[in-house]
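# Coordinate analysis (summary)
Here is how the chains run, residue by residue.
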Amino acid sequence: FVGILSLQVNIYSPELKASTTQTLKLCVTGVPPEVVLHTHALRAAPNTELLITADVSNPNQHPTSMALRLSGLPVNWLIQEEKSLLLPAKATQTVTFPCKIPSATETPRGFYPFSADVLQSGQVKTSQSALLEVLPAGQLHLNVKRPISRFLSKQVFSLTYIPM
């Protein structure tokens, strides 16, 4: 049962030989939805795209309307930071958020915590946290100005760093 239940309570005191009746309203809500991120630690280099994926479950006996929102990451990294869902009873839905990491000049390397929040009626009901690591990126250029040998006299070397 989900809904509001009105209870009539009769209170009697033998010492006072009096009684009173009070109405109590009991609000019975369903079980909160569940959210599970597929990966709790993501890694990406600048100028790359990745998918943040989560499973949202409705454990209740009735369909439930909700929203799944990613919070904590810069808004310009996400194409869509919130998605509305209508889940049938006892159903699970996989939700994917595309994420585009900007260039290395716009995005310093480091760890970016974020969470996937399930909202119902504008309130966070369930949340799960994760961490996105932006890897270091850039280029190193090595120029040889003096000939090392007669075979390398006119060549310029370039070395590019690719994070693993």
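Described below are features of the structure shown in this document. Note that the structure is a prediction, hence the values are computed from the model and not measured.

## A short note on the packing of aromatic side chains
Throughout the structure, instances matching the rule amount to 1 aromatic pair. For K83, the ring lying beneath its charged end belongs to F97, and the centroid distance is 5.1 Å.

## With respect to the pairing of strand 6 (residues 64-71)
Relative to strand 7 (residues 82-87), strand 6 runs antiparallel, the two sharing 6 bridges. Looking at the pairing, L68 lines up with K83 of strand 7.

## Some words on the pattern of salt bridges
According to the stated counting rule, one finds 2 salt bridges in the structure shown. Close ionic contact of R43 with E133 constitutes a salt bridge, the shortest N to O distance being 3.2 Å. On the criterion of sequence distance, the pair formed by R43 in strand 4 (residues 41-44) and E133 in strand 10 (residues 123-134) is long-range, its members being 90 residues apart. Looking at R43, the relative accessible area reads 51%, which means it is exposed. On the basis of relative accessible area, E133 is assigned to the buried category, the value being 16%. Of the charged contacts, one joins R69 and D117 as a salt bridge, the two residues approaching to 4.0 Å between their closest N and O atoms. Taken together, the residues span a long stretch of sequence, with R69 in strand 6 and D117 in strand 9 (residues 110-120) at a distance of 48 residues.

## Considerations on the sheet that holds strand 3 (residues 34-37)
Reading across from one edge, 3-5-8 is the order of the 3 strands in this open sheet, with antiparallel pairing throughout. Of all the strands in the sheet, just strand 3 and strand 8 (92-100) have a single pairing partner and so form its edges. Strand-to-strand, the axes of this sheet are offset by a mean angle of 25 degrees, without reference to chain direction. The sheet contact formed by strand 5 (residues 49-57) and strand 8 spans 9 bridges and is antiparallel. Looking at strand 8, one finds that E49 is bridged to K100.

## Some thoughts on the nonpolar core
Across soluble globular proteins, nonpolar side chains show a tendency to be buried alongside one another. I52, V56, L68, L73, F114 and L132 are the most contacted members of the largest nonpolar core, which has 27 residues in total. Listing elements by their share of this core, those giving two or more residues are strand 3, strand 4, strand 5, strand 6, strand 7, strand 8, strand 9 and strand 10. Among all residues touching L68, those that are not within four sequence positions of it are V35, A54, V56, E81, E82, K83, L85, V95, F97, A116, D117 and V118.

## Section: unusual backbone geometry
Excluding glycine, most residues fall at negative phi; most peptide bonds, likewise, are trans. Even without glycine at this site, K17 takes up a positive phi of about 50 degrees. Within the secondary structure layout, K17 lies in the loop between strand 1 (3-13) and strand 2 (18-28). With a phi close to 55 degrees, K90 is a non-glycine residue in the positive phi region. Within the element layout of this structure, K90 appears in the loop between strand 7 and strand 8.

## Examining a nonpolar patch on the surface
Residues L5, L7, L24 and L26 make up a contiguous nonpolar surface patch of about 310 Å² in total accessible area. Elements represented by at least two residues in the nonpolar patch include exactly strand 1 and strand 2. With respect to the element layout, L5 can be found in strand 1.

About the cut-offs
- Residues numbered from 1 in each chain as written.
- Predicted model: local features only at pLDDT ≥ 70, side-chain atom pairs only at ≥ 80, totals over all residues.
- Heavy atoms only, no water.
- Phe/Tyr/Trp six-rings, centres within 6.5 Å; stacked < 30°, edge-to-face > 60°.
- Lys NZ or Arg CZ within 6 Å of the ring centre and 35° of its normal.
- Pairing = 2+ DSSP bridges.
- Helix = DSSP H or I, 4+ residues; strand = E, 2+ residues; numbered from the N terminus.
- Salt bridge = Lys/Arg side-chain N within 4 Å of Asp/Glu carboxyl O.
- Buried < 20%, exposed > 50% of the residue type's maximum accessible area, 1.4 Å probe, protein only.
- Axes fitted to C-alpha atoms, helices over the stretch in contact; angles between N-to-C directions.
- Core = buried A, V, L, I, M, F, W, Y, C linked by side-chain atoms within 4.5 Å.
- Contact = heavy atoms within 4.5 Å.
- Patch = residues over 30% accessible without salt bridge, like charges linked within 9 Å, V, L, I, M, F, W, Y side chains within 5 Å.
- Areas by Shrake-Rupley, 256 points an atom, 1.4 Å probe, with all protein chains shown as cover.

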